[in-house]
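Residue-level structure breakdown
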Amino acid sequence: EVQHQQPPRAPEDRSSAREMPATLLAASAAAAATAVVSSAKPRTSCARTAISNRKRHPTNAVSAGREERAAGACLSASVLRVSPTRRTATAAVARPTTAAAASSTSAPPAVQEGTAEAPSKVPVADQFEWAKAWYPMSPMQFLEPDEPNPMKVLGRSVVAWKAEGGAWKVVEDSCPHRMAPLSLGFVGPERQLVCRYHGWEFDGDGKASCIPMSTDAKAEATARESPRSCATSFPAKEEGGVLWVWPTAGADAWLQASATPVATAAAEFGDLPGEWGMVELPVGYAPALENQFDPAHAEWLHAQYDDSDGQRSAANAEYQPMTRFGVVPGSMGAAGFTVEHGGYNRGNADISAERLFTAPCSSRSEYMDKDGKRYLSAAILYTPTEPGRCLMFTKFQAHQRTAVQGAGKRRVTTGDRVRSLLTAPADAAFEWYMQYMVEDPELVQVGLSHGVYGTAAYTLGDQDIQAMHGVEVAMETSEKGWRGSYYLPTPSDAGVAGFRGWMDRHAGGGVQWAKGVTDDASKVKPLEQRLERFDRHTRHCRHCKETLAELGVLEERCVTFSNAMLSAGLVLGLGGAVLGQEAPAVVSLCLAGLAVNAAEAARDMQNEFLTSKPRRGVPIPKLW
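To keep things clear, this report deals only with the structure shown in the data block. Quantities reported herein were computed from a predicted structural model and do not represent experimental measurements.

1. Quick look at the environment of leucine 594
- Position of leucine 594 relative to the elements: it lies in helix α16 (residues 583-608).
- In this structure, the C-alpha to C-alpha distance between leucine 594 and alanine 426, residues 168 residues apart in sequence, is 9.4 Å.

2. Observations regarding the packing of aromatic side chains
- Evaluation of the coordinates by the stated rule reveals 17 aromatic pairs.
- Centre to centre, the rings of phenylalanine 293 and phenylalanine 499 are 5.9 Å apart; their planes meet at 20°, and the pair counts as stacked. Within this pair, whereas phenylalanine 293 is found in the loop between α7 (285-292) and α8 (298-301), its partner phenylalanine 499 is found in helix α13 (residues 494-506), the two being separated by 206 residues in sequence. As far as burial versus exposure is concerned, phenylalanine 293 and phenylalanine 499 are alike and both buried.
- Ring plane angle 55° and centroid distance 4.9 Å describe the contact between tryptophan 300 and tyrosine 319, whose orientation is recorded as tilted. Placement of the pair is tryptophan 300 in helix α8 and tyrosine 319 in the loop between α8 and β13 (325-327), with a sequence separation of 19 residues.

3. Quick notes on the pairing of strand β3 (residues 156-162)
- Judged from the five bridges that link them, strand β2 (residues 149-153) and β3 form a sheet pairing that is antiparallel. When the sheet's bridge partners are listed, lysine 152 is paired in β3 with serine 157.
- Where β2 folds back onto β3 in an antiparallel hairpin, the turn is made up of two residues, including leucine 154, whose phi is positive at roughly 55°.
- With five bridges joining them, β3 and strand β4 (residues 168-172) adopt antiparallel strand pairing. Bridge pairing links lysine 162 to tryptophan 168 in β4.
- Between β3 and β4, which pair antiparallel in sequence order, lie five residues; one of them, glycine 165, sits at a positive phi of approximately 85°.

4. Brief notes about a nonpolar patch on the surface
- Residues Phe561, Val587, Leu591 and Leu594 make up a contiguous nonpolar surface patch of roughly 360 Å² in combined accessible area.
- Structurally, leucine 591 is set in helix α16.
- Take leucine 591: its relative accessible area is 33%, and that puts it in the partly exposed class.

5. Concerning unusual backbone geometry
- Each neighbour pair has its own omega, and for alanine 359 with proline 360 the value is 0°, a cis peptide bond.
- Tracing the backbone through its elements, the reader meets proline 360 in the loop between β15 (352-358) and β16 (362-368).
- The phi dihedral of methionine 179 falls on the positive side, at around 70°, and the residue is not glycine.
- Mapping methionine 179 onto the fold places it in the loop between β4 and β5 (186-187).
- Overall, methionine 179 belongs to the exposed group, its relative accessible area being 65%.

6. Side note on the sheet that holds strand β7 (residues 201-202)
- Read across the open sheet, the four strands follow the order β5-β6-β7-β8; overall the sheet is antiparallel. On the outer flanks of this sheet lie β5 and β8 (208-210), each paired with one strand and no other.

How each quantity is defined
Residues numbered from 1 in each chain as written. Predicted model: local features only at pLDDT ≥ 70, side-chain atom pairs only at ≥ 80, totals over all residues. Heavy atoms only, no water. Helix = DSSP H or I, 4+ residues; strand = E, 2+ residues; numbered from the N terminus. Phe/Tyr/Trp six-rings, centres within 6.5 Å; stacked < 30°, edge-to-face > 60°. Buried < 20%, exposed > 50% of the residue type's maximum accessible area, 1.4 Å probe, protein only. Pairing = 2+ DSSP bridges. Patch = residues over 30% accessible without salt bridge, like charges linked within 9 Å, V, L, I, M, F, W, Y side chains within 5 Å. Areas by Shrake-Rupley, 256 points an atom, 1.4 Å probe, with all protein chains shown as cover. Salt bridge = Lys/Arg side-chain N within 4 Å of Asp/Glu carboxyl O.

Pasting the structure below:
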C-alpha cells in the first residue's frame, strides 16, 4: 500500500517524506493507544503500584485497568485534576501468540468487536475528552517564524507565532478589543503579536503590552491590567518536529497539559527520522481515520489500470485476501486501541503489522517480516480542524528495500525519451535559475519537491479524497448509522469496525467541537474544491509559498524579456530591411519565442501548487 505507485527505494533513502506531502493519504498507519500522565504532586502508593504492574505485565491489560481505577481513586484528591482520558497508564501493546488471541479469524468484523460494552455502559472515566488532549498543528519547518500563523483545531481559530525568547506561543485568533483576527497582524520588533486593526500588542502569554489609543500612561496601564484586555492563551509546545496545541484555556488546562504526553510518545520505537509532510484534507476526521485503518483499499484505489480496457493492470502486485485482522483483546479504551493484521498482496504476504492508535490523533504502524525484523514504519497524525476538514501529517521509514513495493515503474516510451532530450537545455537553465537567482534556494528546492516534482503524491491523495468524500456524503444522509450502512463481511474490514467501535464506545460517537461550533453544514463539495491544492497544502507550507512566489517572479521576468525581444526584433527588422542584415532580428524574435515558452512553463508549474485540474483541455485530471 505504501507509496503504491512509486519505484522501489533503498532503506537509506529518506527523501519520501519531503517529496510526498500527500502520499500518506494512501499509506498504512499505526493504531492503538498508550498515554502516560504524571501528576504535579508525588503519586500515591497505589498509583505507583498500578503503573508498575502494567509496565511489568503489558499483556495483562484488563487487570491493569482494574488496578488503575483503584489508583485513580487515590489520585482524585490531588490538587492537579488530571483528565480522565489521560489515565496513569493504559493498555500496552499486546501481542497475542495465536490467531484466536488477536481476533483475527475470518469471522465478520462486527462479530469480532461485538463483545464491547454499549456506549451508555462505558464508565465516564473511560470516555475520551476531545478538548483535553494535545493536537498536532504544523510541522515546525512549515511555520513562518516572522509572521502570524493562522490555524484551526476543533473548529476554534487560533494563531501561532514565535514570541520573545524563541518560544512558539498560541492564542485565540481574536483580538479582545474588537475581535478582529490577530492573524491579520504582524510580529513586532520585540516578538510581540500586533493587531493590525488598532495596533494592540500582546506578549507570549496573551497579555496586552501596548494599547496605542490610550489617552495617557495611567489609562493605558489600567486597561492593560484588566483581564478583558488579554488574548486567550492556550498551552503549546514543540516536540518531535511538530507544534502541538492543547485547545482548552485556563489554569487547570495548563496543569493538565503539562502532565500529559503527546500522542506520539506512545510509539514503541520512538520518533521516525526525517521530516513530516502535512496536508489539510477536504474531508472529515472519521472518513480520514477509516481510510488508514483499511490497508486493503490500496490494492484497488491506488492500483494501475490499463488505458486500453480500463482493467486492473498486470503490472500491479497481485493482491491476496487478508485473513488476519483484528483488535487486540484488552487494548480498547479511552486512550485508543491496537489492531494487528497480515499482508494483502504478493509483496507483503509474509509480514505482520501492528497499528497503534493513540487518541485522538496518532496512528503508528510497524510492519515485521517473517523473521521478526522491522520491515516498514509509518506514522500518521490527524487533527480535526473544522467540520468536514482535518489535518493529516505523514512520515515513513522503509527498513528493507522491498518495503516500498507497489505497482512498479511507469513504462518509459520512446516519446518520453525524445521529449527529455529536447527539453534538457531548458531544464538545466531552470535548475540553474532556481539555484542561483532566487532569494532562498534552500526553501525553493524543498518546495519544488513538494509541488513540481511531487505530483504523484497529489494523485494518490486525489484518489483517496474522491472515495472518502463519497463515503462522507453518503453517511450524512444515511439514517442507519455505520452499522446499518456498512456491510463488512471480510476480515479486511476489521480495522474500520474497530475504529468506529472506539468512536461509539469511548469518544461520544464523533468529534466534540469547540463551544459554538456546529456540524450542520452539508459535506458535499464540488469537484474543483476536492482537487484544489492551495488550501490542502501550499498555504500551510512556507517552502511551497516561497516557491510559488518565485515562479511568479520568473514568469514576470520571462514576459518582460519576451516583450523586450519583440520590440528589439521590430527595430532590428526595420533596420535590417534597409541594411540587408536580417539575422539580428531573427535571433531577437527567436529569443522572444523562447521567453514566451518559459513563461508558459512557469504558469504550468504554478498550477501544480494550486490545483490538480489541468490548465488545458477537460478540467478533470486522469487519476487512474
